[in-house]
Amino acid sequence: MKVVFLSRHQKNIERGAEVFVKELTERLSKKNHVDIFSGQKADSIKSILNGKYDIVIPVNGRFQSLKMSLGRLIGKYKLLITGHSGRGWDDILNIAVAKPDVFVALTDILASWAKKYAWGTEVEKIPNGIDLKKFSPKGERIELDLPRPIILSVGALVWYKHHERIIDAAAKINASLLIVGEGPLKESLEKEGRIKLGDRFMIKSYKNADMPKVYRSVDLFTLPSWDREAFGIVYLEAMASGLGVVAPDDLSRKEIIGDAGVLVNTADIFAYSQALEKALAFDWKNKPRQQAEKFSWDEVARKYENVMTKMLKK
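The structure presented is a predicted model; accordingly, all values stated were derived computationally and were not measured. (Residues numbered from 1 in each chain as written. Predicted model: local features only at pLDDT ≥ 70, side-chain atom pairs only at ≥ 80, totals over all residues. Heavy atoms only, no water.)

Caption draft 1: Molecular detail of the nonpolar core. Counting residues in hydrophobic clusters, the biggest one holds 80 residues, and the most contacted among them are Leu80, Leu178, Tyr215 and Phe221. Dropping the residues within four chain positions of it, Phe221 is found in contact with Leu152, Ser153, Val154, Tyr215, Val234, Tyr235, Ala238, Leu243, Gly244, Val245 and Val246. Counting residues in each nonpolar core, the second largest holds 24 residues, with Ile166, Ile167, Ile173 and Leu276 among its members. (Core = buried A, V, L, I, M, F, W, Y, C linked by side-chain atoms within 4.5 Å. Buried < 20%, exposed > 50% of the residue type's maximum accessible area, 1.4 Å probe, protein only. Contact = heavy atoms within 4.5 Å.)

And the structure:
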């Protein structure tokens, strides 16, 4: 089969959606012809039609999804859209207006939500995955100029990741905090962290290739992002690296983390700080790694290949 991913930022950003495209393409290419269109080409109907693709997968949503939906009138290809936006208007438009042949939700709760808008669209549930060779407890580490224990949070420095909550919670316990990310709130978070945590705080950014070393160099992972988070590949990266996790108490995070972490209302800073202390004191043994092994990219790619094969038979 001939497949194309449309990912505008594939060559210059390494977020969850871009990691998804990279990992899936690498595996699907073993048996199929798979291309990635980035930049302006990712929105070019002409390029799609010239390529004579069987399946088109836009990952940037909104106008791109709508445009590729209309392109089916000429190209006769099948349209698959993945729910990386989470619950909200972006994915409502992707489902109810773009009307893909298949919409892939990343968790059970998101699949149930998507079915409310999926008039004539088939909804499948396939989670994101993790490279279990790349992210592992064994391997090189880095030196961090922070007192132990060290709590790590990874995510864009934007309001809905709620990094301010982890700053407040970490300030109540005897631990350091490393936030890895870039974004518009960097300056304000840096100031807040310095005031409340002093030399126990650091914001840094690393290349994606260096992140396995970062995970191996800390003691606990947390990300207190909002409940519309579609998935959170960083949770898998942390667990695959052997780290226990503290995360918001919702059904999506429960499905991802299982018994490899502590779920808590992160808006309650006192409860959040207690959960962090509990997780730091707990001997997680191999639980995080075992949970991450349920989400290997190899298995995810197999499920996508099965779904796409069914699409072409209809």
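Having seen it, we continue.
Caption draft 2: Broad picture of the layout of surface pockets. Of the voids in this model, the largest pocket is the one considered here, and its volume is about 1500 Å³. Lining of the largest pocket is provided by 48 residues; of these, Arg15, Gly16, Ala17, Glu18 and Lys161 occupy positions nearest its centre. Breaking the lining of the largest pocket down by element, the ones donating at least two residues are helix H1 (16-28), strand E4 (78-82), helix H4 (89-97) and helix H9 (233-240). Within the lining of the largest pocket, the residues separate by chemical class into 20 nonpolar, 16 polar and 12 charged. (1 Å grid on protein atoms, 1.4 Å probe; cavity = no way out; pocket = protein on both sides within 12 Å on 5 of 7 lines; lining within 4 Å. Points joined across faces, edges and corners; volume = space filled by probe spheres on them. Helix = DSSP H or I, 4+ residues; strand = E, 2+ residues; numbered from the N terminus. Nonpolar A, V, L, I, M, F, W, Y, C, P; charged D, E, K, R; others polar.)

Caption draft 3: View of the sheet that holds strand E7 (residues 150-154). The sheet built from six strands is open, its strands ordered E9-E8-E7-E10-E11-E12 with parallel pairing. Taken across any chain shown, the strands that pair with only one partner, and hence form the sheet edges, are strand E9 (201-204) and strand E12 (261-264). The sheet shows a mean angle of 20 degrees between the axes of neighbouring strands, direction not considered. Judged from the four bridges that link them, strand E8 (residues 176-180) and E9 form a sheet pairing that is parallel. Looking at the pairing, Leu177 lines up with Phe201 of E9. Along the sheet, helix H6 (residues 163-170) makes contact with E7, E8, E9 and strand E10 (220-222), crossing E8 at roughly 165 degrees. Strands in contact with helix H11 (residues 269-281) are E7, E10, strand E11 (245-248) and E12; relative to E12, the strand with the most contacts, it is inclined by about 170 degrees. (Pairing = 2+ DSSP bridges. Axes fitted to C-alpha atoms, helices over the stretch in contact; angles between N-to-C directions.)

Caption draft 4: Structural detail: H9. Where burial is concerned, most of H9 is hidden: eight out of the eight residues are buried. Listed as buried for H9 are Ile233, Val234, Tyr235, Leu236, Glu237, Ala238, Met239 and Ala240. Trailing H9 by a residue or two, Gly242 shows a phi angle of about 95 degrees, which is positive.

Caption draft 5: Looking closely at the packing of H6 against H11. Two elements in contact, H6 and H11, have axes separated by 8 Å at closest approach and are oriented at 70 degrees. The angle between H6 and H11 falls in the class roughly perpendicular. Along this stretch, H6 crosses H11, giving a crossing that reads as right-handed. Every residue of H11 that contacts H6 at Arg165, Ile166, Asp168, Ala169 and Ala170 is listed here: Ile269, Tyr272, Ser273 and Leu276. (Parallel < 35°, antiparallel > 145°, perpendicular 65-115°, else oblique. Left-handed = near helix turned anticlockwise from the far one by under 90°.)

Caption draft 6: Up close: the packing of aromatic side chains. The final tally for this structure, using the stated rule, is 13 aromatic pairs. Seen in terms of ring centroids, Phe5 and Phe20 are 6.1 Å apart; in terms of plane orientation they differ by 85 degrees. Their pairing is edge-to-face. Taken as a pair, Phe5 in strand E1 (residues 2-6) and Phe20 in helix H1 lie far apart in primary sequence, 15 residues in all. Exposure remark for Phe5: the relative accessible area of 0% places this residue in the buried category. Summarising the aromatic geometry, the rings of Trp159 and Trp226 are spaced 5.2 Å apart at their centres and angled 75 degrees between planes, so their arrangement reads as edge-to-face. Separated by 67 residues along the polypeptide, Trp159 in the loop between E7 and H6 and Trp226 in the loop between E10 and H9 bring together distant segments of the chain. Under the relative-accessibility criterion, Trp159 is labelled exposed at 52%. Taking NZ or CZ as reference, Lys41 lies 4.3 Å from the ring centre of Phe37, over its face. (Phe/Tyr/Trp six-rings, centres within 6.5 Å; stacked < 30°, edge-to-face > 60°. Lys NZ or Arg CZ within 6 Å of the ring centre and 35° of its normal.)

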